[in-house]
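Read off the chains here:
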Amino acid sequence: MRTLRDEIVAEIELDGPMPVERYMALCLGHPKLGYYTARDPFGVDGDFITAPEISQMFGELIGLWAAQAWIGMGGQPGVGLVEIGPGRGTLMADALRAIRQAVPEMLKAVDVRMVETSAVLRVRQQSALRNAQVAAAWHGDVADALRGPVIIVANELLDALPVRQFLRTPQGDVRRVVGLDDDGELAFGFAGTATNARLPGATIIEEPYAADALIARTASHVAQHGGAALFIDYGEEHGDAGDTLQAVSRHRHVDPLRDPGLADLTTQVRFGRAMKVARANGVKVHGLVTQATFLMRLGLAERAAALKRNAPSGRTMEIDAAVARLTGAEAAGQDVTGEGGRGQPGAGMGALFKVMCFSHPSLPAMPGFESA
Ligand code: SAH
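Computed from a predicted structure; not experimentally measured. (Residues numbered from 1 in each chain as written. Predicted model: local features only at pLDDT ≥ 70, side-chain atom pairs only at ≥ 80, totals over all residues. Heavy atoms only, no water.)

Trainee: Which residues make up the site of the ligand, and what values do they have?
Mentor: Residues in close proximity to the ligand total 17 residues, the closest being Thr50, Gly85, Gly87, Glu116 and Asn155. In the model, an oxygen atom of the ligand is placed 3.0 Å from a nitrogen or oxygen of the Gly87 main chain. Burial of the ligand by the protein chains amounts to 90% of its free accessible area of 580 Å². The class makeup of the residues in the shell around the ligand is eight nonpolar, six polar and three charged. (Near = heavy atom within 4 Å. Polar contact = N/O pair within 3.5 Å; in protein donor to acceptor, adjacent residues only side chain to side chain. Areas by Shrake-Rupley, 256 points an atom, 1.4 Å probe, with all protein chains shown as cover. Nonpolar A, V, L, I, M, F, W, Y, C, P; charged D, E, K, R; others polar.)

Trainee: If you had to explain the pairing of strand 8 (residues 186–190) to someone new, which residues and values would you point to?
Mentor: As a general feature of sheets, a regular strand has side chains that alternate between the two faces. Counting buried residues along strand 8, five of its five residues qualify, which places the element largely inside the surrounding structure. Here strand 8 shows a buried face lined by Leu186, Phe188 and Phe190 and a second buried face lined by Ala187 and Gly189. As defined by bridge partners, strand 7 (residues 172–180) adjoins strand 8 across five bridges and the pair is classed as antiparallel. In the sheet register, Gly179 faces strand 8, and the bridge partner there is Ala187. (Buried < 20%, exposed > 50% of the residue type's maximum accessible area, 1.4 Å probe, protein only. Helix = DSSP H or I, 4+ residues; strand = E, 2+ residues; numbered from the N terminus. Pairing = 2+ DSSP bridges.)

Trainee: I'd like a description of the packing of helix 12 (residues 300–310) against helix 13 (residues 313–327), backed by residues and values.
Mentor: In a packed pair of helices, the relevant descriptors are the angle between the two axes and the axis-to-axis distance. The geometry of helix 12 relative to helix 13 is characterised by a closest axis approach of 9 Å and an angle of 165° between their N-to-C directions. As judged from the angle between their axes, helix 12 and helix 13 are roughly antiparallel. Where helix 12 crosses over helix 13, the handedness of that crossing is right-handed. Contacts between helix 12 and helix 13 pair Leu300, Ala304, Leu307 and Lys308 from the former with Thr316, Ile319, Asp320, Val323 and Thr327 from the latter. (Axes fitted to C-alpha atoms, helices over the stretch in contact; angles between N-to-C directions. Parallel < 35°, antiparallel > 145°, perpendicular 65-115°, else oblique. Left-handed = near helix turned anticlockwise from the far one by under 90°. Contact = heavy atoms within 4.5 Å.)

Trainee: If you had to explain the sheet that holds strand 13 (residues 264–266) to someone new, which residues and values would you point to?
Mentor: The antiparallel open sheet is built from three strands, whose spatial order is 12-11-13. The open sheet has two edge strands, strand 12 (252–254) and strand 13, and neither has a second partner. Strand-to-strand, the axes of this sheet are offset by a mean angle of 40°, without reference to chain direction. Where strand 11 (residues 246–249) and strand 13 come together, three bridges link them in antiparallel fashion. Among the inter-strand pairings, Gln246 is bridged to a residue of strand 13, identified as Thr266.

Trainee: Requested: an account of the pattern of salt bridges, with residues and values cited.
Mentor: If charged atoms from side chains of opposite charge come close, those side chains can pair. On inspection of all chains with the given rule, the structure shows 21 salt bridges. With its nearest N and O atoms 2.7 Å apart, the salt bridge here joins Arg175 to Glu21. Residue Arg175 is located in strand 7, and its partner Glu21 is located in helix 2 (residues 20–29); the two are separated by 154 residues in the primary sequence. Classification of Arg175 as partly exposed rests on a relative accessible area of 28%. Here Arg270 and Glu206 are joined by a salt bridge, their closest N and O atoms 2.5 Å apart. Residue Arg270 is located in strand 14 (residues 269–270), and its partner Glu206 is located in strand 9 (residues 203–207); the two are separated by 64 residues in the primary sequence. By the burial criterion, Arg270 is buried, and Glu206 matches it. (Salt bridge = Lys/Arg side-chain N within 4 Å of Asp/Glu carboxyl O.)

Trainee: If you had to explain the pairing of strand 3 (residues 110–115) to someone new, which residues and values would you point to?
Mentor: In terms of residue burial, strand 3 counts as a mostly covered element, since five of its six residues are buried. Here strand 2 (residues 79–84) pairs with strand 3 via six bridges, running parallel. Looking at the pairing, Val79 lines up with Val110 of strand 3. For the handedness criterion, the β-α-β arrangement of strand 3, helix 8 (residues 119–128) and strand 4 (residues 136–139) is classed as right-handed. (Right-handed = clockwise from strand over helix to strand, strands pointing away.)

Trainee: Describe the packing of aromatic side chains, with residues and values.
Mentor: Tallying each qualifying case throughout the model produces five aromatic pairs. Each ring, one from Phe42 and one from Phe48, has its centre 5.3 Å from the other, and the planes form 75°; the classification is edge-to-face. Taking the centre distance of 5.4 Å and the plane angle of 50° together, the rings of Phe294 and Phe369 count as tilted. Linking Phe294 in helix 11 (residues 291–297) with Phe369 in the segment after strand 16 (353–359), this pair joins segments that are 75 residues apart in sequence. Residue Phe294 is classed as buried on the basis of its relative accessible area of 1%. A residue is classified by how much of its surface remains accessible, and Phe369, at 10% relative accessible area, is buried. Here Arg164 stacks its cationic end above the ring of Tyr209, 4.1 Å away from the centre of that ring. (Phe/Tyr/Trp six-rings, centres within 6.5 Å; stacked < 30°, edge-to-face > 60°. Lys NZ or Arg CZ within 6 Å of the ring centre and 35° of its normal.)

Trainee: How would you explain the environment of Ala102 if you had to name every residue and give the values?
Mentor: Tracing the chain through its elements places Ala102 in helix 6 (residues 90–102). Looking at Ala102, the relative accessible area reads 47%, which means it is partly exposed. Remark: the alpha-carbon pair of Ala102 and Arg147, spanning 45 residues in sequence, is separated by 26 Å.

Trainee: Tell me about the nonpolar core, and name the residues and values.
Mentor: Ranked by internal contacts, the top residues of the largest apolar core, which has 56 residues, are Trp65, Ile151 and Leu230. Sorting elements by how many residues they give to this core places helix 5 (residues 56–72) first, with nine residues. Leu230 has contacts with Ile62, Trp65, Ile152, Val153, Ala154, Phe294, Val355, Met356, Cys357 and Phe369, leaving out every residue within four places of it along the chain. Core analysis: the second largest hydrophobic core is formed by 31 residues, Val115, Ala145, Val269 and Val283 among them. (Core = buried A, V, L, I, M, F, W, Y, C linked by side-chain atoms within 4.5 Å.)

Trainee: Which residues make up the confidence of the model for the chain, and what values do they have?
Mentor: For the chain, per-residue confidence averages 91 on the pLDDT scale, and 93% of positions sit at 70 or higher. Segment residues 332–340: pLDDT under 50, and 19 contacts once partners within four positions in sequence are set aside and those in other chains are kept. (pLDDT = per-residue confidence, 0-100.)

Set out below in C-alpha cells:
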C-alpha cells in the first residue's frame, strides 16, 4: 500500500524540497493519509490525551463559561455556539449537559456549529452529540460557521495548524524545508542549500501564519457581530522558542520525519502574538491565564467535590487524579524529553497550558480571567 511517506518522497523528487508548512499540512491533513483524516488518535490507547478526555469536568466548566458569556450578551436568541477542532466531541457534549443543568433556556437560543476537517472525527462527534437535543451542524471551514453573534471555543486546535519556519541569517531569511538526504531519507534543510547543511550562528524563526489567519478571522467577526471566543493550548506568552515542531506517538516524543502521517505533529502556540492579532481586529482581549487558574476560578474544586459526593468510593481517587492532571505542574509526570508539550502521560497540564479569550468590547468581564 502506498504510504504518506511514499507520496511525500515522490513530491520531493518531482518538485524539490518542500517547505515545512507543506510537510506539516500533509502529515496532519492529507485527504486520505493524514494523521487526523485517517484515524481517531485520542485517549489512553491512542497517541495523546487531551483535557476533555481526562475528565468530564473540563467540558462542563467550559459550558458554564459559555453560559456566562451568553448571559453577558443579554441572553439573546440566534447565537452560534461554535467549536473548532472538536476531536471526539466530548467537550461539547459535556458543555451542553452543564448548560442544560444551569441555564436550560440557553439551549433554545443557540445552535451548535462544529468545525472539523476530518471525516472520521466528524462521525465520532455526531455520535457524541446524538442525545444533546440541540440543533447541530458540521462545517469544514470556520468561515461557514461565522454568522451573527457567536461563542467560540477551541481546545488544542492552534497547536495543530501548520507553521512556516525560516533560518534567520545575516544575509536574510531562508525557508526551512524537508528534502531527501544521500540515503533517500527525509531530512530537514534550507531552501537553496544542500540538505543538512549547517549554517552556524543562525536561529530558526517560526511563523504561525495559519493561527494568525484564524484569530484574525474570528476576532474581526466577533468585533462586528458580537460574542466571545476561548482558545486553550500549550504555549507561552512571550519569547521566541525557535523551532518547536514536535511529534508524539503513543504518548512519546518521536522524530517528526520518521513516520509522516502516523504521529501527531504540533508546535507551541505563541499567545502574545495571537493576542496582538486579536486586539488589532477590534476585540477586547482577556488573559493570558494558566489552565489551572482558569479552571479553579470557574469552580473546578467545587465541581470535583460535588462529583465525589455522588461517586462510588472507588471513583473518588480518579476524580482527584483528574484535578491534579488538569491543574498540576508539568514536572509531575514522565515527560520523556523535559520539553513539555502535548501528550506525555502523567504530566500535569496546569501551567503548560494557557487560556486566552477575546470578546466584543461591550461585554462585561469574562469569567475565569478576573480574580474574584
Ligand atoms: N479539541 C479536541 C481535539 C484536539 S486535536 C480535544 O481537545 O480533544 C485537533 C482537532 O482539530 C482535531 O479534531 C482535528 O481534526 C482538528 N483540526 C485540525 N485542523 C483543523 C482546521 N484547520 N479546521 C478545523 N479543525 C481542524
